[in-house]
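The primary structure of each chain is shown beneath.
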Amino acid sequence: MINVCFVCLGNICRSPMGELILKKMTKERGIDLSFNITSRGTEAEEGCSVYRKAKQTLEKHGVEGDHVARQLTRADIINNDYVLVMDSSNLLDVIRISGGAFSDKVYKLTSFTNRPRDISDPWYTGNFDRAYEDIYDGCERFLDFITAEYSTSLDYDKRH
């Protein structure tokens, strides 16, 4: 099982978008049973659903699912194989929460792309389509990395 946790600030826009996009991608590739995909916020809007505009953007692209915001803990960092953050501020927050440990599993989501960058927070920019495009690009490239890294075990999962 590959444990992946997306992280943003409030856990109502970008990180749940990443969570739901990656869940759809793994399902489409027939490898969803090999993944546990979650999301958290460094200052989560505890108990809130996905922000309406983020949900509308996901639905426009055929991505469905529910999510309830939760705050990131040190245990979340310890218990995940990959902690994928949306921007430099999230990265610093994860380092702070982890006490500087576990840096080998914390990545900016777009570090897997040809154009590493911060994913702007659509809560402030209002540009949910741009956030979706950046997150989709990051998820696609991350999944390419994972399928190459774990090709033998994921192939086994496809056969059983």
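All figures in this text were calculated on a predicted structure; none of them were measured in a lab.

Rules and cut-offs
Sequence order sets the numbering: in each chain, residues are counted from 1 along the sequence as written. Local features in a predicted model are, by the rule used here, given only for residues with pLDDT of at least 70; side-chain atom pairs are given and counted only at 80 or more, and totals for whole chains, interfaces and linings are based on all residues. No hydrogens and no water enter the side-chain calculation; it runs on all heavy atoms of the structure. When a carboxyl oxygen of Asp or Glu lies within 4 Å of a side-chain nitrogen of Lys or Arg, that pair is called a salt bridge. Strands here mean DSSP runs of E at least two residues long; helices mean DSSP runs of H or I at least four residues long; both are numbered from the N terminus. Burial status follows relative accessibility: with a 1.4 Å probe on protein chains alone, a residue under 20% of its type maximum counts as buried, one over 50% as exposed, and anything between as partly exposed. Here, strands pair whenever DSSP counts at least two bridges between them. Throughout, an axis means a line fitted to C-alpha atoms (over the contacting stretch in the case of helices), and angles, computed between N-to-C directions, take values from 0 to 180 degrees. The contact criterion used throughout is that any non-hydrogen atoms of two residues lie within 4.5 Å.

(A) Geometry of the pattern of salt bridges. Per the counting criterion, the structure on display carries 16 salt bridges. Close ionic contact of D144 with R29 constitutes a salt bridge, the shortest N to O distance being 3.3 Å. Of this pair, D144 sits in helix 6 (residues 128–149) while R29 sits in the loop between helix 1 (14–28) and strand 2 (35–41), placing them 115 residues apart in sequence. Overall, the relative accessible area of 29% leaves D144 in the partly exposed class. Across the pair R40 and D76 runs a salt bridge, and its minimum N-O distance is 3.4 Å. Taken together, the residues R40 in strand 2 and D76 in helix 3 (residues 74–78) connect sequence positions 36 residues apart. Exposure remark for R40: the relative accessible area of 9% places this residue in the buried category. Bridged by salt links that share partners, the residues R29, R117, R130, D134, D137, E140, R141 and D144 form one connected network.

(B) Local environment of the sheet that holds strand 3 (residues 82–85). The four strands lie next to each other as 2-1-3-4, forming an open sheet whose pairing is parallel. One side of each edge strand has no neighbouring strand; the edge strands of this open sheet are strand 2 and strand 4 (106–108). Taken pair by pair, the neighbouring strands of this sheet meet at an average axis angle of 25 degrees, ignoring direction. Examined bridge by bridge, strand 1 (residues 2–8) and strand 2 share seven bridges and lie parallel to one another. Bridge pairing in strand 2 links I2 to F35. Seen against the sheet, helix 1 touches strand 1 and strand 2 and runs at an angle of roughly 170 degrees to strand 2. The strands touched by helix 6 are strand 1, strand 2 and strand 3; relative to strand 3, the strand with the most contacts, the crossing angle is about 160 degrees.

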